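# Secondary and tertiary structure notes
In case you want the letters, here they are:
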Amino acid sequence: LIHISINYKIPDLFTLGFNWLVQTPWTDIENIHCDCMGPEVFTMLFYVKALLDKHCHIVAAEPPLMQHAPNCPNKQVCTEDWQAVWWNGMGQLLPDARNPQLFHEAFEHFQLLEFGWVGGDCKKVMFTQVMSISIPCIYAKKFVDNVHDHLLKELLP
């Protein structure tokens, strides 16, 4: 798709191809793909995937600040358990190279875990908060969009 979009100056096709490449695991990208996309796109794709991987590890290691429900009986224990579940849940789900997942996919699995002393109402508050702001997704998408826009300007003037 990248090769065709550059040769025939089709920005929408470039967008489709680039977004597919960003979401495709390295093991699924073959030599023919690298040859067809060209060195500029391959180099940028390499940096994008490396930085998204680093971003993924940071998100996995930094639990969102706990917001408690009004009826939370023990905020300290609730917060400690939330952090432990985040580190042990998202900390394994997001950076898992054998089963790569986008943030929202990992978060769906995360919600099914056991949360210790985190009450049901506190879980609802946090699940709503995390999904409503979805900051990791927003930053990752903005970054990919910026690289994509740069490549479009360079390759399809």
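Computed from a predicted model, the values in this text were never measured in an experiment.

### Points about the side chain of Asp81
Within the secondary structure, Asp81 sits in helix H4 (residues 75–93). Buried charge without a partner: Asp81 forms no salt bridge, and the closest opposite charge is Lys123, 11 Å away. Excluding anything up to four places from it in sequence, Asp81 contacts Phe115, Gly116, Trp117 and Val118.

### Points about the confidence of the model for the chain
Residues of the chain with pLDDT of at least 70 account for 97%, and the chain-wide mean is 89. The element-level mean pLDDT for the chain is lowest in helix H7 (residues 135–155), coming to 84, with H4 highest at 95.

### Details of the packing of helix H3 (residues 31–61) against H4
Closest axis-to-axis distance for the H3/H4 pair is 8 Å, and the angle between their directions is 155°. Taken together, the axes of H3 and H4 are roughly antiparallel relative to one another. Note on element contacts: H4 touches H3 through Trp86, Trp87, Met90 and Gly91, opposite Val59, Ala60 and Ala61. Grouping the constituent residues of the contact of H3 with H4 by class yields 6 nonpolar, 1 polar and no charged.

Quick notes on the rules
- In this convention, every chain numbers its residues from 1, walking through the sequence in written order.
- With the structure being a predicted model, the display of local features is reserved for residues of pLDDT at least 70 and the display and counting of side-chain atom pairs for 80 or more, all residues being used for whole-chain, interface and lining totals.
- Water and hydrogen atoms play no part in the side-chain values, which are based on all heavy atoms of the structure.
- A run of DSSP states H or I qualifies as a helix once it reaches four residues; a run of E qualifies as a strand once it reaches two. Both are numbered from the N-terminal end.
- We call a residue buried when its accessible area falls under 20% of the maximum for its residue type, exposed when it is over 50%, and partly exposed in between, using a 1.4 Å probe and counting protein chains only.
- Neither His nor the chain termini are counted; the positive set is Lys and Arg, and the negative set is Asp and Glu.
- By definition, a salt bridge exists where a carboxyl oxygen of Asp or Glu is found within 4 Å of a side-chain nitrogen of Lys or Arg.
- Pairs of residues are marked as contacts when any of their non-hydrogen atoms sit within 4.5 Å.
- The predictor attaches a confidence to each residue, and that confidence, scored 0 to 100, is pLDDT.
- Note on method: axes are straight lines fitted to C-alpha atoms, helices fitted across the in-contact stretch only, with angles between N-to-C directions ranging 0 to 180 degrees.
- These descriptions rest on fixed angle ranges, namely under 35 degrees for roughly parallel, over 145 for roughly antiparallel, 65 to 115 for roughly perpendicular, and the rest for oblique.
- Under the convention adopted here, Pro, Cys and the residues Ala, Val, Leu, Ile, Met, Phe, Trp and Tyr are nonpolar, Asp, Glu, Lys and Arg are charged, and Gly plus all remaining residues are polar.

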